[in-house]
Amino acid sequence: MLAQRVGVAALRRGAAATASKSSVFGHVPKVALPTTTMTMTGLQHARKKNKNTAKRKKAKATSTTSARLFHRQFLTSTGDGGGGGGGGGVVRRRNANGHSAVATAKLSQTDGHQILVNQRLQRPIAPHLGIYKIEQTWLGHSAWTRITGCTLSGVAYLYFTSYLVAPLFGWHLESASLASAFGALPFVVKGGVKFFLGFPFAYHFINGLRHLWFDLGKGFAKASIKRGEMVLWVSSILSGLFLAFGL
């Protein structure tokens, strides 16, 4: 038993000696191994960092070159002109792929004005009133409220102004003279003059009552508005005829 143990121990010592001789780091102390490994790792990190920096510089140079090419070759639109002797403007240039690059340019006042004129020519034009229904453009109650109000006010201001200056020019615009002159007119002419004043008064009065109804938050349905406009026109015309020929 003792001899077997001695033989096994000798074999183990021989194997360990052979392994230490064949190893590359057999002569290097164990304390120096981590330092060598860390030095190699630092060199690899530095090389990788320099490689990434070179890639970023190359990409930036490519982008700058592309922007300059766009600036030289593709012009689509420009911005405002300056005042005085010259001004700065924003120039937008677009490449064939649709990507835009913006650069500044020095523009005179005349060039800037011409650019604005060209831009206005490309703006969409509002449709003409003829495309809308006639009851929305020609028979709208909002517009006719203003028309009738201006008619009544204009006639009143004209009469009062004439009445004030009548003594200076020798005009007879007192009530008795106007009544006798109006009574001498033909029946049709008198009816036309009275309807010219009676219809605006009736329309303005009735539509004013309608707007008071709107102020209560009622009557804004589309069907109610259409029906209300029809009633407004019919009642105003009948009232004007009554004031013209019924009184």
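Residues numbered from 1 in each chain as written. Predicted model: local features only at pLDDT ≥ 70, side-chain atom pairs only at ≥ 80, totals over all residues. Heavy atoms only, no water.

1. Looking at the packing of helix 5 (residues 141–169) against helix 7 (residues 187–215)
No. 1: Between helix 5 and helix 7, the shortest axis-to-axis distance is 9 Å and the interhelical angle comes to 135 degrees. The orientation of helix 5 relative to helix 7 falls into the category oblique. Regarding helix 5 and helix 7, the two cross each other, and that crossing is left-handed. Mapping the contact onto sequence places His-141, Trp-144, Thr-145, Thr-148, Gly-149, Thr-151, Leu-152 and Val-155 in helix 5 and Phe-196, Leu-197, Phe-199, Pro-200, Phe-201, Tyr-203, His-204, Asn-207, Arg-210, His-211 and Phe-214 in helix 7.
No. 2: Of the residues in the contact of helix 5 with helix 7, the class split is 10 nonpolar, 8 polar and 1 charged. (Axes fitted to C-alpha atoms, helices over the stretch in contact; angles between N-to-C directions. Helix = DSSP H or I, 4+ residues; strand = E, 2+ residues; numbered from the N terminus. Parallel < 35°, antiparallel > 145°, perpendicular 65-115°, else oblique. Left-handed = near helix turned anticlockwise from the far one by under 90°. Contact = heavy atoms within 4.5 Å. Nonpolar A, V, L, I, M, F, W, Y, C, P; charged D, E, K, R; others polar.)

2. Describing the packing of helix 7 against helix 8 (residues 222–246)
No. 1: Interhelical geometry of helix 7 versus helix 8 gives an angle of 145 degrees and a closest axis separation of 7 Å. Both helix 7 and helix 8 take part in a crossing whose hand is right-handed.
No. 2: Considering only residue class, the contact of helix 7 with helix 8 consists of 15 nonpolar, 8 polar and 3 charged.

3. Here's the deal with the layout of surface pockets
No. 1: Here the largest pocket is characterised by a volume of approximately 300 Å³.
No. 2: For the largest pocket, the full set of lining residues is Lys-133, Glu-135, Gln-136, Leu-139, Lys-222, Ile-225, Lys-226, Glu-229, Met-230 and Trp-233.
No. 3: For the lining of the largest pocket, the leading source of residues is helix 8, giving 6 residues.
No. 4: Residue composition of the lining of the largest pocket, by class: 4 nonpolar, 1 polar and 5 charged.
No. 5: In this structure, the second largest pocket occupies an estimated 160 Å³ of space.
No. 6: Considering the residues around the second largest pocket, the lining is formed by Leu-152, Phe-182, Val-193, Lys-194, Leu-197, Gly-198 and Phe-201.
No. 7: Here the lining of the second largest pocket takes 5 residues from helix 7, the largest share from any one element.
No. 8: Here the lining of the second largest pocket is built from residues that sort into 5 nonpolar, 1 polar and 1 charged. (1 Å grid on protein atoms, 1.4 Å probe; cavity = no way out; pocket = protein on both sides within 12 Å on 5 of 7 lines; lining within 4 Å. Points joined across faces, edges and corners; volume = space filled by probe spheres on them.)

4. Digging into a nonpolar patch on the surface
No. 1: Taken together, the side chains of Phe-187, Val-188, Met-230, Val-234, Ile-237, Leu-238, Leu-241 and Phe-245 present a nonpolar region at the surface, about 810 Å² in accessible area.
No. 2: Going through the elements one at a time, helix 7 and helix 8 are the ones with two or more residues in the nonpolar patch.
No. 3: Counting residues per element, the nonpolar patch draws most heavily on helix 8, at 6 residues.
No. 4: Here Leu-238 lies in helix 8.
No. 5: For Leu-238, a relative accessible area of 54% puts it in the exposed group. (Patch = residues over 30% accessible without salt bridge, like charges linked within 9 Å, V, L, I, M, F, W, Y side chains within 5 Å. Areas by Shrake-Rupley, 256 points an atom, 1.4 Å probe, with all protein chains shown as cover. Salt bridge = Lys/Arg side-chain N within 4 Å of Asp/Glu carboxyl O. Buried < 20%, exposed > 50% of the residue type's maximum accessible area, 1.4 Å probe, protein only.)

5. Concerning helix 7
In an α-helix there are 3.6 residues to a turn, and that puts residues three or four apart on one side.
No. 1: A rise of 1.5 Å per residue sets the reference length of helix 7, with its 29 residues, at 42 Å; its end C-alpha atoms lie 41 Å apart and thus fit the reference within 8%.
No. 2: The largest bend in helix 7 amounts to roughly 25 degrees and is located at Phe-195.
No. 3: Looking only at helix 7, the buried set comprises Gly-191, Gly-198, Phe-199, Pro-200, Ala-202, Tyr-203, Asn-207, Arg-210 and Phe-214.
No. 4: Downstream of helix 7 by one or two residues, Gly-217 has phi in the positive range, about 80 degrees. (Expected span 1.5 Å × (residues − 1). Bend = angle between axes of the 7 residues up to and from the residue.)

6. A short note on the side chain of Thr-148
No. 1: As for its position among the elements, Thr-148 is in helix 5.
No. 2: Residue classification places Thr-148 among the buried residues on the basis of a relative accessible area of 2%.
No. 3: Here Trp-144 takes part through its backbone oxygen, which lies 2.8 Å from a polar atom of the side chain of Thr-148.
No. 4: Apart from residues no more than four positions distant in its own chain, Thr-148 is found in contact with Pro-200, Tyr-203 and His-204. (Polar contact = N/O pair within 3.5 Å; in protein donor to acceptor, adjacent residues only side chain to side chain.)

7. Some thoughts on the UniProt feature "transmembrane region" (unreviewed entry) in the protein
No. 1: Those residues carrying the UniProt feature "transmembrane region" (unreviewed entry) are residues 155–173, 193–209 and 230–246 in this numbering.
No. 2: From the first C-alpha to the last, residues 193–209 spans 25 Å; its make-up is 100% helix and 0% strand. (UniProt positions renumbered as here; feature names shortened; annotations may be inferred.)

8. Some points on the packing of aromatic side chains
No. 1: Per the stated rule, a full pass over the model turns up 12 aromatic pairs.
No. 2: Each member of the aromatic cluster is reached from another via a ring pair, and the members are Trp-144, Phe-195, Phe-199, Tyr-203 and Trp-233. (Phe/Tyr/Trp six-rings, centres within 6.5 Å; stacked < 30°, edge-to-face > 60°.)

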